[in-house]
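Summary of structural features
Here's the letter readout for the chains.
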Amino acid sequence: MQPNPLDGLHDIIAPSQVSWWPLAPAWWVIITVLFIAICAAAFWFYKNHKFKKPKRYAIDLSKTEQNPLTLHIILKRLVIEYYDKRLAAQSTTNWCITLNALTGLSFSEQEILSLYNTEQANEALTDKFRQGIKQFKLKESVHV
């Protein structure tokens with residue numbers, strides 16, 4: 001009698017579970033790229049936050065300030081901080097043009113000159129300067 005060929009077969013042996021460690025080189029590349037991207041994004045957010053700090057401070061000052069001359073000085077400080085002090089030391093005509101370009105509002109020479117009068121009770125000008133501080137453009141190209 002011939003032996004049954006199936007008698008020589010053994011049970012199926014399941015392979016041992018593959019360990020997740022050590023990681024494949026592709027995973028190390030992905031982890032490294034993600035780490036570099038997260039570090040770069042954190043650095044960019046930090047620099048951006050630090051860059052905008054003077055404007056945030058000026059907005060906070062403008063909320064409590066009622067004197068339009070002081071608000072005008074705050075705008076000049078912003079121009080000095082973000083651009084150049086030569087822009088803040090221009091003639092009144094050129095200063096109005098610079099303010100109009102950087103704030104998006106329309107300031108006239110009479111409004112600027114009225115700041116230096118003894119009676120300074122112009123609430124509309126105070127609100128205009130506050131709005132100008134809020135709308136101040138940080139990355140506008142200005143030619144001196």
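So, here is what we can say about the structure in this document. Treat the numbers as computed from the prediction; the structure is a model and nothing was measured.

With that settled, consider the overall build of the protein chain. Within the protein chain one finds seven helices and zero strands. Taken from N to C terminus, the helices and strands of the protein chain fall in the order α-α-α-α-α-α-α. For the protein chain, whose C-alpha radius of gyration is 34 Å, the value lies well above the compact-globule estimate of 15 Å for 144 residues. In terms of its C-alpha atoms, the protein chain occupies a principal-axis envelope of roughly 125 × 30 × 20 Å. Long-range contacts, defined as pairs at least 24 residues apart, comprise 62% of the intrachain contacts of the protein chain with a sequence gap of at least 6. Distance between charge centres in the protein chain, computed from 16 positive and 12 negative side chains, equals 8 Å.

This part is about the nonpolar core. Formed by 23 residues in total, the largest nonpolar core has its most connected members in Val79, Ile112, Phe129, Ile133 and Phe136. Secondary-structure elements contributing two or more residues to this core are helix 2 (53-64), helix 3 (68-82), helix 4 (85-88), helix 5 (92-103) and helix 7 (123-134). In terms of residue count, helix 3 provides more of this core than any other element does, six residues in total.

The next thing to look at is the packing of helix 3 against helix 7. The contact between helix 3 and helix 7 brings their axes to 9 Å, and the two run at 20°. Between helix 3 and helix 7, the interaxial angle falls into the category roughly parallel. Judged by the sense of rotation from one axis to the other, the crossing of helix 3 with helix 7 is left-handed. Between helix 3 and helix 7, the contacting residues are Pro68, Leu71, His72, Ile74, Leu75 and Leu78 on the first element and Leu125, Thr126, Phe129, Arg130, Gly132 and Ile133 on the second. Of the residues that constitute the contact of helix 3 with helix 7, the class distribution is eight nonpolar, three polar and one charged.

Tracing the chain through its elements places Pro25 in helix 1 (residues 25-51). Judged by relative accessible area, Pro25 falls into the exposed class, the value being 63%. Through-space distance from the C-alpha of Pro25 to that of Phe51 is 39 Å; in sequence the pair is 26 residues apart.

This part takes up the environment of Lys128. Position of Lys128 among the secondary structure elements: in helix 7. Not counting residues up to four positions away in its chain, the partners in contact with Lys128 are Leu105, Ser106, Phe107 and Glu111.

Definitions and limits used
- Residues numbered from 1 in each chain as written.
- Predicted model: local features only at pLDDT ≥ 70, side-chain atom pairs only at ≥ 80, totals over all residues.
- Heavy atoms only, no water.
- Helix = DSSP H or I, 4+ residues; strand = E, 2+ residues; numbered from the N terminus.
- Rg over C-alpha atoms; globule rule 2.2 N^0.38 Å.
- Contact = heavy atoms within 4.5 Å.
- Lys, Arg positive; Asp, Glu negative; His and termini not counted.
- Charge placed at Lys NZ, Arg CZ, Asp CG, Glu CD.
- Core = buried A, V, L, I, M, F, W, Y, C linked by side-chain atoms within 4.5 Å.
- Buried < 20%, exposed > 50% of the residue type's maximum accessible area, 1.4 Å probe, protein only.
- Axes fitted to C-alpha atoms, helices over the stretch in contact; angles between N-to-C directions.
- Parallel < 35°, antiparallel > 145°, perpendicular 65-115°, else oblique.
- Left-handed = near helix turned anticlockwise from the far one by under 90°.
- Nonpolar A, V, L, I, M, F, W, Y, C, P; charged D, E, K, R; others polar.

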